[in-house]
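Each chain, written out:
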Number of protein chains: 2
Amino acid sequence: MITRKEQREAQRRAAAEFRRIGFAISERECENIEVVDFGLGRLEIEGVQILTLVHTGRISVKLLCLFPDQTEPEHWHPPVGDDPGKEETVRLLDGTLRFYVEGEDTLSLGAIPAVSAAYYRLRHEIVMKPGDQLLCKPGQKHWFQAGRSGAILFSFSSVARDETDCFANPGITRATKIADG
Amino acid sequence: MITRKEQREAQRRAAAEFRRIGFAISERECENIEVVDFGLGRLEIEGVQILTLVHTGRISVKLLCLFPDQTEPEHWHPPVGDDPGKEETVRLLDGTLRFYVEGEDTLSLGAIPAVSAAYYRLRHEIVMKPGDQLLCKPGQKHWFQAGRSGAILFSFSSVARDETDCFANPGITRATKIADG
């Protein structure tokens, strides 16, 4: 849970980051930036700010802002009905991104959030710089973390069904609760 | 048809535009920028430069550069097999874009390419500025033209099958021929 004030502050901060790199967004889009704390209540550590640009029955495009060292927890996109699961291409626009998938343990730069360490099982590290992109196949487990200057990235995908995402941490709820205050 | 030299020059120019707005691309991506003259041999008037970022069996993402006043001719994306046709969201990143669809004739800023005037039948003008986006439904006819400072735009879509695109001008061929020289 985060407060309305925390939500607005994170929206403003993410919007400022998008505009800093010259990506024009409207005031309405700024207000629609989704601030996600994964129900953990420690947004700065495990959280993400998402501006959904396109969401039709066929594709989704999201612009993500991660604050410095902020982490999107380990998750995957399962099959849903006839859909084999979300196929997602991530492309970094700004900052650095540490991306983790299954494979040999090469974790070097990343910092596992201590309080949730048991739920970060993937340790194969891919360090991305602006212009780098990679494809996450349906069902492929992954987590990622911004470097010290944060990260701005695109997620280009088949239709997103966020509510069906699976997380390694069973304490996570994808829908963020906003408290008054 | 364009020459190899014209192709390389247009690639370099488009790559410089992408980098000017801070969109990082690799040298390999620069070499993969598609220079499209629609088989008309007048690239500066009717043509487009396209960097395909994502092309899977499910989605396509393209970054387009139009030089000043350059025009992408009237076309639409027809059904192909089970696919009802490409569903495409266009978002302008830089410059201005004049976008034309069916509807009341409101053409004001646009300039119809004189030599092909008969093939520009849509005159309902939407003037886009950076941050604006619109959705082209499958089969919806459209054409667009950059303003005086050019235009850089995203096309986010269901899978693109460029070779099946239909054009108002029957003289158009989607695949650009490159001549030595």
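Here the structure is shown first, and the text comes after it.
Computed from a predicted model, the values in this text were never measured in an experiment.

A.B. asks: Before we move on, can you summarise the relation of the copies chain A and chain B with the specific residues and values?
C.D. replies: Mapping chain A onto chain B calls for a rotation angle of 180 degrees and an axial translation of 0.0 Å; the resulting RMSD is 0.0 Å. Taken together, the rotation and translation describe the operation of a two-fold axis.

A.B. asks: Explain the state of the cysteines to me, and be specific about the residues and the numbers.
C.D. replies: One pass over the full model with this rule turns up 0 disulfides over all chains. Left without a disulfide partner, Cys-166 of chain A is nearest to the cysteine sulfur of Cys-136 of chain A, which lies 14 Å away. Accessibility expressed as a relative area gives 24% for Cys-166 of chain A, which makes it partly exposed. Left without a disulfide partner, Cys-30 of chain B is nearest to the cysteine sulfur of Cys-65 of chain B, which lies 11 Å away.

A.B. asks: Break down the packing of aromatic side chains for me, citing the residues and quoting the values.
C.D. replies: Per the counting criterion, the structure on display carries 16 aromatic pairs over all chains. One aromatic cluster is present, formed by Phe-23, Phe-154 and Phe-156 of chain A together with Phe-23, Phe-154 and Phe-156 of chain B through successive ring pairs. Taking the ring centre of Phe-67 of chain A as reference, the NZ or CZ of Arg-13 of chain A above it sits at 3.8 Å.

A.B. asks: Let's hear about the pattern of salt bridges: which residues, and what values?
C.D. replies: Pairing is possible between side chains of opposite charge, provided their charged atoms come close. Summed over the entire model, instances satisfying the criterion amount to 32 salt bridges over all chains. A salt bridge links Glu-17 of chain B to Arg-20 of chain B; its shortest N-O distance comes to 2.9 Å. One end of the pair, Glu-17 of chain B, and the other, Arg-20 of chain B, are both in helix α1 (residues 4-20), 3 residues apart, so they sit about a helical turn from each other. With a relative accessible area of 48%, Arg-20 of chain B lands in the partly exposed category. In this structure, Arg-174 of chain B engages Glu-34 of chain B in a salt bridge whose closest nitrogen and oxygen atoms are separated by 3.0 Å. Taken as a pair, Arg-174 of chain B in the loop between β10 (166-167) and β11 (178-179) and Glu-34 of chain B in strand β2 (residues 34-36) lie far apart in primary sequence, 140 residues in all. Taking the relative accessible area as the measure of exposure, Arg-174 of chain B reaches 13% and is therefore buried. With a relative accessible area of 28%, Glu-34 of chain B lands in the partly exposed category. Each of Glu-34, Lys-62, Asp-162 and Arg-174 of chain A takes part in one network of salt bridges that share partners.

A.B. asks: Got a sec to walk through the interface of chain A and chain B? Specific residues and values, please.
C.D. replies: In this assembly, 26 residues from chain A lie in contact with 27 residues from chain B. For the pairing of chain A and chain B, the buried interface totals around 2,000 Å² over both sides, and the portion due to carbon and sulfur atoms is 55%. Here chain A and chain B share 4 salt bridges between them. Between Arg-58 of chain B and Asp-83 of chain A there is a salt bridge whose closest N-O contact spans 2.8 Å. Where chain A meets chain B, there are 14 residue pairs in polar contact (both at pLDDT 80 or more). Elements with a contribution of two residues or more to the side of chain A that touches chain B: β3 (48-55), β4 (59-66), β6 (88-101) and β9 (142-158) of chain A.

A.B. asks: Tell me about helix α1 (residues 4-20) of chain A, residues and numbers included.
C.D. replies: Residue and element names in this part refer to chain A. Here α1 is 17 residues long and its end C-alpha atoms lie 24 Å apart, about the 24 Å a rise of 1.5 Å per residue gives. Looking at α1, one finds that the buried residues are Gln-7, Ala-10, Gln-11, Ala-14, Ala-15 and Phe-18. Buried residues of α1, viewed axially, fall in a sector of 135 degrees; they line one side. Summarising the geometry of α1, the exposed residues directed more than 90 degrees from the buried face are Lys-5 and Arg-12.

A.B. asks: Hey, could you go over the pairing of strand β9 (residues 142-158) of chain B for me, with residue numbers and the actual values?
C.D. replies: All names here are of chain B. In terms of burial, β9 is largely enclosed, as 15 of its 17 residues are buried. Bridge count between strand β4 (residues 59-66) and β9: 8 bridges; the pairing is antiparallel. Looking across to β9, one finds that Val-61 is bridged to Phe-156. With 3 bridges joining them, strand β5 (residues 71-76) and β9 adopt antiparallel strand pairing. Opposite His-75, over in β9, you have His-142 as the bridge partner.

The rules behind each value
Residues numbered from 1 in each chain as written. Chains lettered and ligands numbered in written order. Predicted model: local features only at pLDDT ≥ 70, side-chain atom pairs only at ≥ 80, totals over all residues. Heavy atoms only, no water. Least-squares fit on C-alpha atoms with pLDDT ≥ 70 in both. Disulfide = S-S within 2.5 Å. Buried < 20%, exposed > 50% of the residue type's maximum accessible area, 1.4 Å probe, protein only. Phe/Tyr/Trp six-rings, centres within 6.5 Å; stacked < 30°, edge-to-face > 60°. Lys NZ or Arg CZ within 6 Å of the ring centre and 35° of its normal. Salt bridge = Lys/Arg side-chain N within 4 Å of Asp/Glu carboxyl O. Helix = DSSP H or I, 4+ residues; strand = E, 2+ residues; numbered from the N terminus. Contact = heavy atoms within 4.5 Å. Buried area = accessible area lost by both parts, 1.4 Å probe. Polar contact = N/O pair within 3.5 Å; in protein donor to acceptor, adjacent residues only side chain to side chain. Expected span 1.5 Å × (residues − 1). Arc of directions from axis to C-beta. Pairing = 2+ DSSP bridges.

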